[in-house]
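This is what each chain is made of:
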Amino acid sequence: MKVVHVSASATGGAGLAAYRLHLAMEDIDEVDSYFVQKADTSNEQAANNTYTVPERHSIPYRILRKLRLTPEYVNQKRIPKFSNNYQYEIATFPTTSYRIEDFPLIKDADIIHLHWVADFLNYPTFFKKVKQPIVWTLHDKNPFHGLFHTETDEAANKSTYGNLDAQILKSKEEYIHQNNNIHIVTPSDWLKKKSENSQIFKQYPHYLIPNSIDLSKCNINRKEAKKELNVNNGLKTLFFIAHSIDIPRRGFFLLRDAIEKLGYTNFNLITLGGDRIDINSNINHIHYTTTHNETLINTIYSASDLMVLPTMEDNLPNVMLESFANGTPVLSFSNGGMAEHIKTGENGILIDNISVESLTDGLKDFLDNKYTFDEQLIRDYAEEHFSPKLQTDRYINLYKNILNK
């Protein structure tokens, strides 16, 4: 089987999950796996069978670009990147200048496996032209929503962009329904239920297949990791990680307020992602800017006693899987894929209410030694639920069933 994975990039949560699946499939004889991306983000991730779709260079397109009439310019005018009268994490349109469907690898594929394709896939032409079976792994709600990728952003911008959002949703439905050979995969049951009940995807078959983590890169040695990062001071270490620490949905502002309300200073805090945001100066706070260095990231997980994940809406975040793989428990609100995997007292702490008060209570319980976690049991949970073999076996069985129909 020739399987071509399509993702806007190989980085970021969704891109990394897609790329990990591709790498795992490269070792399987019965699959020829290829990875097609929008931008060359290979850096340390470069591998065989990874390709970048070039921008169009036809004379008509070059004229449109010079006149600023390409989809990218037009879409930016319809909902600008930055403004003072709206708030959102990301908003994308179903039209782009790329024509993935014309890329030779796509034409020759047996299975086209879409991942996070926002600002990459041109819906009007792709679903009309592609005839092979499509497997689409959802990493957020955008494929079956309009402009926005989260319910939070959609609700917050309803008064400003509600009409445009509805128009985009209607157009997506029209474009996608040009193809009946689509199979939807979600990493969490939470997202599966949302998709199954959506106007766009309710007619397509759905499957639940969690993401995986390369467990060989996660080696638990807490003592050495603490020493390496200078947190071997006898205090517990909390860890917060996000692509950017100031993204509201990730909840760092809730953690910051909870720490202030807690009143404790006898712990270490490590944060990773974007620019440093200062908190209580009496806390030993170490910050790392955004990095793709897996060795460093896994060292931080291993040096931490608790990973704090106060996200207000998420599917199956890689950071939870990575923390489990390093034997580190996770504290999170009870939503999305976190509610499906975190067991309070076993591999983390699950908090019912999204609030500063509830988060403060959870942190206090941990710092007061209410829970005792076994790092090996947490690692075992990761091996049992998120191994690459388990994930690839499920996908290969799905591919075979699709092709044999």
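Scroll up a little and you will see the structure.
What counts and what doesn't
Residues numbered from 1 in each chain as written. Predicted model: local features only at pLDDT ≥ 70, side-chain atom pairs only at ≥ 80, totals over all residues. Heavy atoms only, no water. Helix = DSSP H or I, 4+ residues; strand = E, 2+ residues; numbered from the N terminus. Contact = heavy atoms within 4.5 Å. Polar contact = N/O pair within 3.5 Å; in protein donor to acceptor, adjacent residues only side chain to side chain. Pairing = 2+ DSSP bridges. Axes fitted to C-alpha atoms, helices over the stretch in contact; angles between N-to-C directions. 1 Å grid on protein atoms, 1.4 Å probe; cavity = no way out; pocket = protein on both sides within 12 Å on 5 of 7 lines; lining within 4 Å. Points joined across faces, edges and corners; volume = space filled by probe spheres on them. Buried < 20%, exposed > 50% of the residue type's maximum accessible area, 1.4 Å probe, protein only. Patch = residues over 30% accessible without salt bridge, like charges linked within 9 Å, V, L, I, M, F, W, Y side chains within 5 Å. Areas by Shrake-Rupley, 256 points an atom, 1.4 Å probe, with all protein chains shown as cover. Salt bridge = Lys/Arg side-chain N within 4 Å of Asp/Glu carboxyl O. Phe/Tyr/Trp six-rings, centres within 6.5 Å; stacked < 30°, edge-to-face > 60°. Lys NZ or Arg CZ within 6 Å of the ring centre and 35° of its normal.

A.B. asks: Report on the environment of Lys202, specifying residues and quantitative values.
C.D. replies: Its place among the elements puts Lys202 in the loop between helix 8 (189-196) and strand 7 (206-208). Taking the C-alpha atoms as reference points, Lys202 and Leu331, separated by 129 residues in sequence, lie 33 Å from one another. Aside from chain neighbours lying at most four places away, what touches Lys202 is Ser195 and Glu196. A polar contact of 3.4 Å, which involves the side chain of Lys202, links it to the side chain of Gln199.

A.B. asks: So what's going on with the sheet that holds strand 13 (residues 348-351)? Which residues, and what values?
C.D. replies: Across the sheet, which stays open at both edges, the 6 strands sit in the order 10-9-8-11-12-13 with parallel pairing between neighbours. Each of the sheet's edge strands pairs with one partner strand only, and the pair in question is strand 10 (284-288) and strand 13. In this sheet, adjacent strand axes meet at a mean angle of 20 degrees when their direction is disregarded. As defined by bridge partners, strand 11 (residues 306-309) adjoins strand 12 (residues 330-333) across 3 bridges and the pair is classed as parallel.

A.B. asks: How would you sum up empty space enclosed by the protein? Please name residues and give values.
C.D. replies: Using the criterion set out here, one finds 1 cavity of 30 Å³ or more in the structure. Of the volumes computed, that of the largest cavity is approximately 70 Å³. Lining the largest cavity are 13 residues, and of these His115, Trp116, Val117, Asp140 and Pro143 lie nearest its centre.

A.B. asks: Tell me about the side chain of Ser9, and name the residues and values.
C.D. replies: When you line up the elements, Ser9 lands in the loop between strand 1 (2-7) and helix 1 (12-26). Judged by relative accessible area, Ser9 falls into the buried class, the value being 15%. Here Thr11 takes part through its backbone oxygen, which lies 3.2 Å from a polar atom of the side chain of Ser9.

A.B. asks: Any chance you could break down a nonpolar patch on the surface for me, citing the residues and the numbers?
C.D. replies: Residues Ile59, Ile63, Leu64, Leu67 and Leu69 make up a contiguous nonpolar surface patch of roughly 480 Å² in combined accessible area. Structurally, Ile59 can be placed in helix 2 (residues 59-66). The class for Ile59 is exposed, based on a relative accessible area of 59%.

A.B. asks: Break down the sheet that holds strand 7 for me, with residues and values.
C.D. replies: Strand pairing in a sheet takes place through backbone hydrogen bonds and is either antiparallel or parallel in direction. With parallel pairing, 7 strands are arranged side by side in an open sheet as 3-2-1-4-5-6-7. The sheet terminates laterally at strand 3 (50-52) and strand 7, the two strands that pair on one side only. Each adjacent strand pair in this sheet contributes to an overall mean axis angle of 25 degrees, direction not counted. With respect to the sheet, helix 1 is in contact with strand 1, strand 2 (32-37), strand 3 and strand 4 (111-114), its orientation differing from that of strand 2 by roughly 155 degrees.

A.B. asks: Explain the packing of aromatic side chains residue by residue, including any values.
C.D. replies: Summed over the entire model, instances satisfying the criterion amount to 17 aromatic pairs. Considering the side-chain rings of Tyr34 and Tyr51, the 6.4 Å spacing of their centres and the 40 degrees angle between planes classify their relative orientation as tilted. A residue pair is termed long-range when its members are at least 10 positions apart, and Tyr34 in strand 2 and Tyr51 in strand 3 qualify at 17 residues. Residue classification places Tyr34 among the buried residues on the basis of a relative accessible area of 16%. Ring pairs connect the aromatic residues Tyr123, Phe126, Phe127, Trp136, Phe144, Phe201 and Tyr204, which therefore count as one cluster. Sitting above the plane of the Tyr34 ring, Lys2 keeps its charged end 5.2 Å from the centroid. A cation sits over an aromatic face here: Lys236 above Phe366, 4.4 Å from the ring centre.

A.B. asks: How would you sum up the environment of Lys236? Please name residues and give values.
C.D. replies: As for its position among the elements, Lys236 is in strand 8 (residues 236-241). Taking the relative accessible area as the measure of exposure, Lys236 reaches 22% and is therefore partly exposed. Separated by 92 residues in the primary sequence, Lys236 and Phe144 place their C-alpha atoms 42 Å from one another. When sequence neighbours within four positions are dropped, the list of residues in contact with Lys236 reads Phe267, Asn268, Asp305, Phe366, Leu367 and Asn369. Among the polar contacts made by the side chain of Lys236, one reaches the side chain of Asn369 at a distance of 2.6 Å.

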